[in-house]
Amino acid sequence: MTEIPSPQDPSSPSAPARVEGLVDLLTVETLDTDLYRGMPLPGGRGRVYGGQVVAQALQAAQMTVEGRPCHSLHCYFMRPGEEGKPIIFRVARDHDGRTFATRRVIASQSGEPILNMLLSFQVPEDGFEHQDTMPVVTPPEELVSDADLWRANADKIPAALREYLLRPRPLEFRHVYARNPLAPFATEPRHASWFRTVAPIGDDQTLHRAVLAYASDMTLLSTCGLPHAISYFDKQFQIASLDHAIWFHESFRADDWLLYVTDSPSASGGRGFNRGQIFSRDGKLVASVAQEGLIRKRSL
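The structure contained in this document is the topic of the report that follows. (Residues numbered from 1 in each chain as written. Predicted model: local features only at pLDDT ≥ 70, side-chain atom pairs only at ≥ 80, totals over all residues. Heavy atoms only, no water.)

What follows covers the overall build of the protein chain. In terms of regular secondary structure, the protein chain is built from 5 helices and 13 strands. Computed over the C-alpha atoms, the radius of gyration of the protein chain is 19 Å, within 12% of the 19 Å expected from 2.2 N^0.38 for a compact globule of 300 residues. Considered along the principal axes of its C-alpha atoms, the protein chain spans approximately 60 × 45 × 45 Å. When the 300 residues of the protein chain are sorted by exposure, 46% land in the buried category. Partitioning the contacts of the protein chain with sequence separation of at least 6, the portion at a separation of at least 24 is 72%. The protein chain carries 31 positive and 36 negative side-chain charges, and their two centres are separated by 6 Å. (Helix = DSSP H or I, 4+ residues; strand = E, 2+ residues; numbered from the N terminus. Rg over C-alpha atoms; globule rule 2.2 N^0.38 Å. Buried < 20%, exposed > 50% of the residue type's maximum accessible area, 1.4 Å probe, protein only. Contact = heavy atoms within 4.5 Å. Lys, Arg positive; Asp, Glu negative; His and termini not counted. Charge placed at Lys NZ, Arg CZ, Asp CG, Glu CD.)

Relative to strand β12 (residues 271–280), strand β11 (residues 258–268) is paired through 9 bridges, and the arrangement is antiparallel. If you follow Ser268 over to β12, its bridge partner there is Arg271. The hairpin formed by β11 and β12 contains 2 residues between the paired strands, and Gly269 there has a positive phi angle of roughly 60°. In this sheet, strand β13 (residues 285–297) lies alongside β12 in antiparallel orientation, the contact comprising 9 bridges. The partner of Gln277 across the bridge, within β13, is Ser288. Between β12 and the antiparallel strand that follows it, β13, lie 4 residues; Gly283 among them carries a positive phi value of about 95°. (Pairing = 2+ DSSP bridges.)

What follows covers helix α2 (residues 50–62). Because an α-helix packs 3.6 residues into every turn, residues spaced three or four apart end up facing the same way. For α2, spanning 13 residues, the distance from its first C-alpha to its last is 18 Å, which sits close to the expected 18 Å at 1.5 Å a residue. The buried fraction of α2 amounts to 13 of the 13 residues, a majority that puts the element mostly inside the structure. (Expected span 1.5 Å × (residues − 1).)

So, about the pairing of strand β4 (residues 87–96). A regular strand places its side chains so that they alternate between the two faces of the sheet. Two strands pair when backbone bridges link them, and strand β2 (residues 35–38) and β4 are joined in this way by 4 bridges, in the antiparallel orientation. Across the sheet, the residue bridging to Arg37 is Ile88, located in β4. Where β4 lies against strand β5 (residues 100–109), 8 bridges are found, and the strand directions are antiparallel. If you follow Arg90 over to β5, its bridge partner there is Ile106. Hairpin connection between β4 and β5: a loop of 3 residues separates the two successive antiparallel strands.

Applying the stated criterion across every chain yields a total of 14 salt bridges. A single salt-bridge network, built from bridges that share partners, covers Glu172, Arg174 and Arg196. (Salt bridge = Lys/Arg side-chain N within 4 Å of Asp/Glu carboxyl O.)

Turning next to helix α4 (residues 159–166). Listing the buried residues of α4 in full gives Leu161, Leu165 and Leu166. Along the long axis of α4, the arc covered by the buried residues comes to 110°, so they all point the same way. Turned more than 90 degrees from where α4 packs its buried face, Ala159, Ala160 and Glu163 sit exposed. Considering only its buried residues, α4 is in contact with α3 (146–152). (Arc of directions from axis to C-beta.)

Going through the model one piece at a time under the given rule, you end up with 4 aromatic pairs. Pairing Tyr49 with Tyr214 gives two aromatic rings, centres 5.0 Å apart and planes at 80°, and the pair type is edge-to-face. Of this pair, Tyr49 sits in the loop between β2 and α2 while Tyr214 sits in helix α5 (residues 205–215); the two residues are 165 residues apart in sequence, bridging distant segments of the chain. By relative accessible area, Tyr49 is classed as partly exposed at 22%. With relative accessibility at 10%, the residue Tyr214 sits in the buried group. (Phe/Tyr/Trp six-rings, centres within 6.5 Å; stacked < 30°, edge-to-face > 60°.)

In this section: the packing of α2 against α5. The geometry of α2 relative to α5 is characterised by a closest axis approach of 7 Å and an angle of 155° between their N-to-C directions. Classed by the angle they form, the pair α2 and α5 counts as roughly antiparallel. In this structure, the crossing between α2 and α5 has a hand that is right-handed. Of the residues in α5, those in contact with Gly51, Gln52, Val54, Ala55, Leu58, Gln59 and Gln62 of α2 are Thr206, Leu207, Arg209, Ala210, Ala213 and Tyr214. Among the residues making up the contact of α2 with α5, the classes are represented as 7 nonpolar, 5 polar and 1 charged. (Axes fitted to C-alpha atoms, helices over the stretch in contact; angles between N-to-C directions. Parallel < 35°, antiparallel > 145°, perpendicular 65-115°, else oblique. Left-handed = near helix turned anticlockwise from the far one by under 90°. Nonpolar A, V, L, I, M, F, W, Y, C, P; charged D, E, K, R; others polar.)

What follows is the structure, encoded as structure tokens:
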């Protein structure tokens, strides 16, 4: 069995250091008016994680708006980003009205666009209220974290995936329903997970929205693969996000437990459609998510 660094091992980054690294990753650098640069994930390999591009694009747009929180964003992934290279974000200020503001963001890498995003911002106001009820699920304190599950089964992880799956992360996920990405089994296209950052991130709501955007690309696309026992790690399947949308309903804290409930109403034509609802610990529906992804079986 491979020896895994314990949380007390000096070689393992502390929880605050991991979260500080995430905050640094999601903090875009101003290059010029409405032009920003997002830095790559240190040590990242292969394709850029889609949630990173979404969160950095959101952060770039939020840099151009004051006093109006983002209430929705819609984006398309055009090309896979490449790890190790910065991403450039150009923001267009399409509209600044009395209540709403609209922005467009083009994310580019090596001169080619990899994502475009449309966002809307609104001055806070009171209005009619209703929401879905949060489902009754096992609380996070009674569940085992993803990290602990991987550590307990380190000897079963293929060598090529071991470093990736066992590296300490800034977000902690605890799955309500059993799942094994290495040996998937067919289930209904529904899932639920608790998640939060592993250390506090302060009170800036723009950062909390960016962290939620970053996390919202996790566990979502895999939902449409559940009835078909599809594994991300199986090379016979081609799986990729095509678009992504988020609606922010309420303020929240991403460093406190959030429940991510997902389902997939449809898969057809090589695409799978997925929906998500994110609830705060006290039952508020704080965000809704939707995504369509490519799910295709390759001919090997």
